[in-house]
Amino acid sequence: LGSPTSSVYRGNDLAGIFASCRDATMELELAVRAAVSHREKCAVVLGAAVAVNIALAEADAVSPALDAVTQMQLKRLCSGVLSTLGLAVARVRVYGQFSRIRKIFRLIRYRATESKFEELRSDLETLEAQLWNLTGAVGGLGLGGTVAPGPGVDGMTRKGNRGG
């Protein structure tokens, strides 16, 4: 497969940008499946990418009703998503293919590797939240593709906090 950023030039329309983001996520999924090291970190990034794609699907559904300014903002957000997905594919391909020897050597610098994946996950979650806010939709899958708890909601049980 080609570089995920190569598909950004499919067209300047939102449909083309949405398709490019879906293609990049499919490319990320293939890279995660091929990973032989750092698989858990790769899977968490993929979960965040899937959550972004759900927000993108909602944005795609409501985009015809958006005004020109909001559509331009949506295009900018989508280009950020596409860029972040391209970086995710590159990192998963590099770190996901570490041999045991290289991985043992990198364990000394584990925090550096972990922070690279954490940064991707955080960036994708931020973009996801911005997409939900821009489209006015209620949603947000949050950390690793799980439903983000709202105010007064316990994230583990999804029951309201009643205090006392």
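The structure contained in this document is the topic of the report that follows.

What counts as what
- Sequence order as written defines the numbering, with residues in each chain counted from 1.
- Reporting in this predicted model follows two pLDDT cut-offs: at least 70 for local features of residues, and 80 or more for side-chain atom pairs to be given and counted; totals over whole chains, interfaces and linings ignore these cut-offs and use all residues.
- Side-chain metrics rest on all non-hydrogen atoms present in the structure, leaving aside hydrogens and water.
- Only runs of H or I of at least four residues qualify as helices and only runs of E of at least two qualify as strands under DSSP, and these elements are numbered from the N terminus.
- Each residue gets one of three labels from its accessible area relative to the maximum for its type: buried under 20%, exposed over 50%, partly exposed in between, using a 1.4 Å probe on protein chains only.
- Classification of ring pairs rests on two measures: the distance between centres of Phe, Tyr or Trp rings, Trp counted by its six-membered ring, which must be within 6.5 Å, and the angle between planes, read as stacked under 30 degrees, edge-to-face over 60 and tilted in between.
- In a helix, the anticipated span is given by 1.5 Å times the number of residues less one.
- Any pair of N or O atoms that falls within 3.5 Å is considered a polar contact. Within protein, one atom must be able to donate a hydrogen and the other to accept it, and sequence-neighbouring residues count only if both atoms are side-chain atoms.
- Remark: nonpolar core denotes a set of buried residues (Ala, Val, Leu, Ile, Met, Phe, Trp, Tyr, Cys) joined through side-chain atoms within 4.5 Å.
- When checking whether two residues touch, look at their non-hydrogen atoms; a contact exists if any pair is within 4.5 Å.
- Working convention: axes come from line fits to C-alpha atoms, limited for helices to the stretch in contact. Angles between N-to-C directions cover 0 to 180 degrees.
- Put simply, angles under 35 degrees are roughly parallel, angles over 145 are roughly antiparallel, angles from 65 to 115 are roughly perpendicular, and the rest are oblique.
- Put simply, a crossing is left-handed when the front helix is turned counterclockwise from the back one by less than a right angle, and right-handed when it is turned clockwise.
- Each residue receives one of three labels: charged for Asp, Glu, Lys and Arg, nonpolar for Ala, Val, Leu, Ile, Met, Phe, Trp, Tyr, Cys and Pro, and polar for the others, Gly being one of them.

## Considering unusual backbone geometry
Then step 1. Its identity as a non-glycine residue notwithstanding, His 38 has a phi of 55°, on the positive side.
Then step 2. Structurally, the position occupied by His 38 is in the loop between α1 (14-34) and α2 (39-62).
Then step 3. A relative accessible area of 5% places His 38 in the buried class.

## Focus: the environment of Leu 87
Then step 1. Examined against the element boundaries, Leu 87 turns out to sit in helix α3 (residues 68-95).
Then step 2. Looking at Leu 87, the relative accessible area reads 36%, which means it is partly exposed.
Then step 3. For the pair Leu 87 and Leu 28, spaced 59 residues apart in the sequence, the C-alpha separation amounts to 9.6 Å.

## What about the packing of aromatic side chains?
Then step 1. Applying the stated criterion across every chain yields a total of one aromatic pair.
Then step 2. Ring centres 5.9 Å apart and planes at 70° place the aromatic pair Tyr 95 and Phe 117 in the edge-to-face group. Of the two residues, Tyr 95 is situated in helix α3 and Phe 117 in helix α5 (residues 110-135); the sequence distance between them amounts to 22 residues.
Then step 3. Judged by its relative accessible area of 10%, Tyr 95 falls in the buried class.
Then step 4. For Phe 117, a relative accessible area of 3% puts it in the buried group.

## Focus: α3
Then step 1. Here α3 contains 28 residues, and its C-alpha end-to-end distance of 40 Å stays within 8% of the 40 Å for a straight helix at 1.5 Å per residue.
Then step 2. You can read the cap of α3 off the contacts: a side-chain oxygen lies 3.2 Å from the backbone nitrogen of Val 69, and it is on Asp 67.

## Structural notes on the nonpolar core
Then step 1. In terms of nonpolar packing, the biggest core is built from 36 residues, with Leu 28, Leu 56, Leu 74, Val 81, Leu 85 and Leu 131 touching the most fellow members.
Then step 2. Those elements giving two or more residues to this core turn out to be α1, α2, α3 and α5.
Then step 3. For this core, the leading source of residues is α3, giving 10 residues.
Then step 4. Once residues lying within four places of it in the same chain are set aside, the contact partners of Val 81 are Cys 21, Val 52, Leu 56, Leu 127 and Leu 131.

## Points about the packing of α1 against α2
When two helices pack together, their arrangement is given by the angle between the helix axes and by the axis-to-axis distance.
Then step 1. Direction vectors running N to C along α1 and α2 enclose 160°, while the axes themselves pass 10 Å from each other. Relative to α2, α1 is oriented roughly antiparallel. Relative to α2, the crossing made by α1 is left-handed. Between α1, through Phe 18, Cys 21, Arg 22, Thr 25, Leu 28, Glu 29 and Val 32, and α2, the contact on the second element is made entirely by Cys 42, Ala 43, Val 45, Leu 46, Ala 49, Asn 53, Leu 56, Ala 59 and Asp 60.
Then step 2. Taken together, the residues of the contact of α1 with α2 sort by class into 11 nonpolar, two polar and three charged.

## Quick look at the packing of α2 against α3
Then step 1. Closest axis-to-axis distance for the α2/α3 pair is 11 Å, and the angle between their directions is 160°. As judged from the angle between their axes, α2 and α3 are roughly antiparallel. Seen from above, α2 lies across α3 with left-handed handedness. Of the residues in α3, those touching α2 at Cys 42, Val 45, Ala 49, Val 52, Leu 56 and Ala 59 are Leu 74, Cys 78, Val 81, Leu 85, Ala 88 and Val 92.
Then step 2. Classifying every residue of the contact of α2 with α3 gives 12 nonpolar, no polar and no charged.

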